[in-house]
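Fold and geometry: a report
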Amino acid sequence: MDWNHYRFRSLWTLPVPPATVYGVLERPEDYPRWWRQVREVTRLDDTTGVIRIRSVLPYDITLTAREVRRDPAAGVLETALSGDIEGWARWTVTPRGAGSLARYDQVVSVHKPLLRRLAVPGRPLFRANHALMMRSGRRGLLGHLRAV
């Protein structure tokens, strides 16, 4: 087992139409407004940006995200990730009842030296940290959608 390799999936049921959710998720430069763990997003060009993230644990993750797929009809936003973590992340937004389901999938390997050194004892904490960040993101998005 590679202790520095992670697969994550989060499912967010949201009470608004998929097009509305997709419209918010396709603007990562706005994430810091509603997702407090996304500390900073700096656009480099139309498809690439640098993102700094920090959840509960006392470390930042900085990564470059490059858009590889933007498909509004399918509700898919996918990025290639490099930097402190490397891999990919994908949002898939679909109808669910009167609202939508935002599914987040991420497959990454950790490259940040501190996290690699702490891979075995820290793995449960890193997974919990990610889960807390995703839960907070859902709450933040719900609040943002109510205000829009």
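First, a word on what this report is: a plain description of the structure on this page. (Residues numbered from 1 in each chain as written. Predicted model: local features only at pLDDT ≥ 70, side-chain atom pairs only at ≥ 80, totals over all residues. Heavy atoms only, no water.)

**Side note on the pattern of salt bridges**
Heads up, the rule is: We count a salt bridge whenever a side-chain nitrogen from Lys or Arg sits within 4 Å of a carboxyl oxygen from Asp or Glu. The cut-offs for exposure are 20% and 50% of the maximum accessible area for each residue type, with area from a 1.4 Å probe on protein chains only; residues under the lower value are buried, those over the upper are exposed, and the others partly exposed.
Counting across every chain of the model gives 13 salt bridges. Across the pair Asp30 and Arg27 runs a salt bridge, and its minimum N-O distance is 3.2 Å. By relative accessible area, Arg27 is classed as partly exposed at 34%. Of the charged contacts in the structure, one is a salt bridge between Arg103 and Asp105, with a shortest N-O distance of 2.7 Å.

**A few points about the environment of Arg117**
Definition in use: Runs of E in the DSSP output that reach at least two residues are strands. Runs of H or I that reach at least four are helices, and both are numbered from the N terminus.
By secondary structure assignment, the location of Arg117 is in helix H3 (residues 113–117). Under the relative-accessibility criterion, Arg117 is labelled exposed at 62%. For the pair Arg117 and Asn4, spaced 113 residues apart in the sequence, the C-alpha separation amounts to 9.4 Å.

**Some points on the packing of helix H1 (residues 18–25) against helix H4 (residues 119–147)**
Which entries qualify depends on this criterion: Helix axes are fitted to C-alpha atoms over the stretch in contact, other axes to C-alpha atoms as well, and angles between N-to-C directions run from 0 to 180 degrees. Angular relationships are summarised with four words: roughly parallel below 35 degrees, roughly antiparallel beyond 145, roughly perpendicular across 65 to 115, and oblique for the angles in between. Crossings are sorted by hand: turned counterclockwise from the far helix by less than a right angle, the near helix makes the crossing left-handed, and turned clockwise it makes it right-handed. Throughout, a residue-residue contact means that at least one pair of heavy atoms, one from each residue, lies within 4.5 Å. Three residue categories are used. Nonpolar comprises Ala, Val, Leu, Ile, Met, Phe, Trp, Tyr, Cys and Pro, charged comprises Asp, Glu, Lys and Arg, and polar comprises the others, including Gly.
Between H1 and H4, whose axes approach to 11 Å, the crossing angle comes to 110°. In this view, H1 runs roughly perpendicular relative to H4, as classed from their interaxial angle. At the point where H1 passes H4, the crossing takes the right-handed sense. Contact residues: Thr20, Val21, Val24 and Leu25 in H1; Leu141, His144 and Leu145 in H4. Of the residues assigned to the contact of H1 with H4, the class counts are 5 nonpolar, 2 polar and no charged.

**What about the environment of Pro15?**
Of note, Pro15 is situated in the loop between strand E1 (5–14) and H1. Along the chain, Pro15 and Ser100 lie 85 residues apart, while their C-alpha atoms are 6.4 Å from each other. The contact partners of Pro15, leaving out residues within four places of it in the chain, are Gly99 and Leu142.

**As for the sheet that holds strand E4 (residues 61–71)**
Strands belonging to one sheet form pairs held by backbone hydrogen bonds; the direction of such a pair is parallel or antiparallel. Put simply, the test is: One bridge is not enough; two strands pair if DSSP finds at least two bridges between them.
Strand order in the open sheet formed by 7 strands is E1-E7-E6-E5-E4-E3-E2, with antiparallel pairing between adjacent strands. Of all the strands in the sheet, just E1 and strand E2 (38–43) have a single pairing partner and so form its edges. Within the sheet, the average angular offset between the axes of one strand and its neighbour, ignoring direction, is 20°. Where E4 and strand E5 (residues 76–83) come together, 8 bridges link them in antiparallel fashion. In the strand pairing of E5, Glu67 is matched with Thr79. Running over the sheet, H1 touches E1, E4, E5, strand E6 (85–96) and strand E7 (99–110) and is turned about 155° from E6. In the packing of H4 onto the sheet, contacts are made with E1, E2, strand E3 (48–53), E6 and E7, and the angle to E1 comes to roughly 25°.

Scope: geometric values only; no functional claims are made or implied.
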